[in-house]
Amino acid sequence: MPAPFDLTDDSVVVVIGSGAGGGTLANQLAQKGIDVVVLEAGKRVEPEEHVDDEWPAFNQLAWLDMRTNSGTYRLAEDFPNLPAWHSKCVGGSPVHWAGCCPRFQDWEFRTRTVYGEIPGATLLDWPITLEELEPYYDRAEANMGVAGTHGMPLHQPDNNAKVLFEGARRMGYQKYSTGHYAHNSVPYDGRPATVQDGFCFEGNRSRAKWSPLVSDLPKGEATGHLEVRPESMVLRIEHDDAGRVTGVVYADADGAEHLQRARVVCVAGNAIETPRLLLGSASNLHPDGLANSSGQVGRNYMRHMSDTCWGVFDEPVHFYRGNTMAGIVEDEAYHDPDRGFVGGFYMETIHLGPAFMASFMNPHSWGRDFTELMDAYENFAGMWLVGEDMPSATNRVTLNPDVTDQHGLPVPNVHFDDHKNDIDMRDYAADRARTLYQAVGAVKTIRTPPFPASHNMGTARMSERPEDGVVDRWGRAHDVPNLFVSDGSVFTTGAAANPTLTIVALAIRQADHIAEQLAQQAL
Amino acid sequence: MTTQSVGLDGQVSEEGGIRVADAAVAGQRLDTDPDRTGGLADLRALDQGTARALVSMTRAMYPHDRLPDVHYERVVAALDEKAAADARMRILLTEGVGWLATTTGRYPSEFGGLPEAAQVAALTRLQETPFFQAVAAEVVVNLYSQHDVWPYFGYEGPSTDEGGYLHRGFDDVDWLDDAPDRRDAPVAETIGDERDGDEARIQTEAGQARSGEED
Ligand SMILES: Cc1cc2nc3c(=O)[nH]c(=O)nc-3n(C[C@H](O)[C@H](O)[C@H](O)COP(=O)(O)OP(=O)(O)OC[C@H]3O[C@@H](n4cnc5c(N)ncnc54)[C@H](O)[C@@H]3O)c2cc1C
């Protein structure tokens, strides 16, 4: 039967969330002739409707439902209701994203072995290896269109990247480039080449930037096997007495509730909503939350070591002209405990417009100290520092019984304390960044505290043994045979790399596995 | 508030910290009402004196000498709109301007004429109050989102409809070869310190900023 599918059709695969994980998975399944219903909480905002303006775009695309924040990290104070920055729209956070696509390095799948036991951290080796994932990395890059891979040329460096490169050169770094970037440098896959518009974080009116909105979802829909239902917020997942999931209850735009039956359910709501949904689907059979016999659902929440350095120069940079993050230094992405911490980090260009700069540069700051910096805006260059952070059992997403959202559900609370390793890496990275900008003539530098997390990971982690995590090597729940997790929640550890390429590679791999299992009537 | 609500119903707003969802709504309001002139002619909740004092106060908090008053007036007009929609906001702003008067020992209308040091001293005493923080949050989001302030910062804004920056200088920086190496020079550093939420530590000497252990 061609899409749209009936609510009572229990032969469909239901995918919750249409972002990097869900959108990719849904299309891969549809391409194989498998019927899929994607339930997406957000609206469908086509690229033509995107706006080159930060707050309006944020309001149009971001997840603004109520959340709470606790713990000792600075963000809990600066942004008490915004622990994370991700999307609520068809296509998910890649509609907001920049497009940096580094792969994990081989040892980053084995950090428990390589780093050893670290107090306060719950390191665990992934149940899969780089070698196993490599073919899927290839397919992910080809699917997204990643500059610098598979014959797509690297981007031309913009002003911000040129400053970064010259600083890197003077520092003696070797590995700096515009990097693997999922934004067309030349026309590809029916989408045009970049116009260096500078509004990657605000959607992308031209469609040059990859997201499921402009790529996977329309492709999947064209097969007749995929239906995307926007403004459909899944409230809970249901199961039968045998412990198999049978469908999901969701609220439509008017708040009316519906039950969509399903043969298989795949959760891809990003690493805060995914555990929230599992915890909120507790039942007699699963008293601590669905698929949570390990107690690991919501734990080991990772957000990446994050710091930002702005360099202020004698002369204009106009760093806002050009692709937001096409500029990367990879020299610091290695593991050497002699640096005083484990794991590595990347330096990546970043720019913000005056509106976001004012909000994020130094929250709470005011007076001439603040405005003199803003007045120098045109002379700014900027880099974001992103590195591996430690999973910890107590950094976790829980349900906050005291606060409910518009659906009457308890909101997620994100508790986070910076691990000592994160702080040490951050201080080291910040010093490298500052030195790099000084090397190319910075007259001032500014150190910006972590933003609301754009990289959310680990809250339904993959593990060999059921007691150590929530899902197996395919992303299938240890406790529930026909329930999968298909987003960044499955990361066993976070590596230094921006996560999305890995999320997409895992989703493609998972689609192959689900299709195989369906064919064998094993699901 | 005359904004389109985006599922924010029932949200609690906490004191301290910028409530980014509010910020987003403020941003949207600007976007949907581009004709706002910033005039304080038709205030809905605040009286002229209070509004004028707030204009002086917002300028003193975020002083950009090149910016004409109209940009600060728009911020106050937005605060007025919030005060019209929420009595608590009206009381907060009215009382707050009262505190300003108490703190300075001057009528609110005189605040703008005080020496900058006196303004800053008063504001510093008030900076932890919900009044100050509500005003600060509005300025930070509203002032820097006004499209016609962007030229003062050298920012050119929306670009896609102009063909992006591809042919408009995306890679025109040309001074890099001559840029001095300042690794050993005193270079100021502003640190938004993540370990205590206090005001930024401003350090003006490289020696101070990069202490021995960091080197
Ligand atoms: C500004 C920004 C820049 C970024 N830049 C980069 C980058 O350069 N490189 C990189 O690798 N990553 C980047 N990221 C991160 C990247 O976008 C995410 O890692 C990635 O999209 C996560 O994929 P996901 O499938 O886990 O979730 P998402 O892509 O966030 O998709 C989750 C979707 O699920 C929906 N959803 C959630 N709960 C429910 C529910 N109960 N019912 C129905 N729908 C639901 C949400 O609305 C959302 O659309 C960036 C993110 C942001 C915000």
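Residues numbered from 1 in each chain as written. Chains lettered and ligands numbered in written order. Predicted model: local features only at pLDDT ≥ 70, side-chain atom pairs only at ≥ 80, totals over all residues. Heavy atoms only, no water.

## Re the pattern of salt bridges
Counted only if it meets this: Here, a salt bridge means any Lys or Arg side-chain nitrogen found within 4 Å of an Asp or Glu carboxyl oxygen. Here a helix means four or more residues in a row that DSSP labels H or I, a strand means two or more in a row labelled E, and each is numbered from the N terminus. Three exposure classes are used, based on accessible area relative to the maximum for each residue type with a 1.4 Å probe and protein chains only: buried under 20%, partly exposed in between, and exposed over 50%.
Counted under the stated rule, the structure contains 42 salt bridges over all chains. R139(A) serves as the salt-bridge partner of D512(A), at 2.8 Å between the closest nitrogen and oxygen. Here the residue D512(A) occupies a position in helix α12 (residues 500–519), and R139(A) occupies one in helix α5 (residues 130–144), the gap between them amounting to 373 residues. Two residues, D65(B) and R368(A), come together in a salt bridge whose shortest N-O distance is 3.1 Å. Taken together, the positions of D65(B) in the loop between α2 (48–61) and α3 (69–85) and R368(A) in helix α10 (residues 368–375) put the pair across two chains. Overall, D65(B) belongs to the exposed group, its relative accessible area being 61%. A residue is classified by how much of its surface remains accessible, and R368(A), at 26% relative accessible area, is partly exposed. Connected through salt bridges with shared partners, the residues D307(A), D418(A), R426(A), D427(A) and R447(A) form a single ionic network.

## So, the nonpolar core
For the record, the criterion: Each nonpolar core is a collection of buried residues, namely Ala, Val, Leu, Ile, Met, Phe, Trp, Tyr and Cys, held together in the definition by side-chain atoms within 4.5 Å. Any two residues having at least one pair of non-hydrogen atoms within 4.5 Å are treated as being in contact.
Counting 178 residues, the largest nonpolar core has M144(A), I237(A), V265(A), W310(A), Y437(A), L483(A) and M57(B) as its most contacted members. When residues of this core are assigned to their parent elements, the largest contribution, eight residues, is made by helix α6 (residues 130–142) of chain B. Apart from the residues lying within four places of it in its own chain, the contact partners of V265(A) are V14(A), I16(A), I237(A), V245(A), V248(A), N482(A), L483(A) and F484(A). Within the second largest apolar cluster, 28 residues are counted, among which are V13(A), L213(A), A507(A) and A515(A).

## Comments concerning the side chain of S215(A)
All names here are of chain A. Selection criterion: Here a polar contact is taken to be a pair of N or O atoms separated by no more than 3.5 Å, where protein atoms must pair a possible hydrogen donor with a possible acceptor and residues adjacent in sequence count only if both atoms sit in side chains.
Here S215 is to be found in the loop between β4 (176–177) and α7 (216–222). For S215, a relative accessible area of 2% corresponds to the buried category. Within polar-contact distance, the side chain of S215 engages the side chain of D216 at 3.5 Å. Dropping the residues within four chain positions of it, S215 is found in contact with N143, D189, R191 and W210.

## Comments concerning the pairing of strand β5 (residues 226–229) of chain A
All names here are of chain A. The line we're drawing: Paired strands, as defined in this entry, are two strands with at least two bridges between them according to DSSP.
Residue alternation in β5 divides its side chains into two sets, L226 and V228 and E227 and R229, and both sets are buried. In the sheet, strand β2 (residues 36–39) pairs with β5 via four bridges, with the strands oriented parallel. Within β5, the position partnered with L39 by the bridge is R229.

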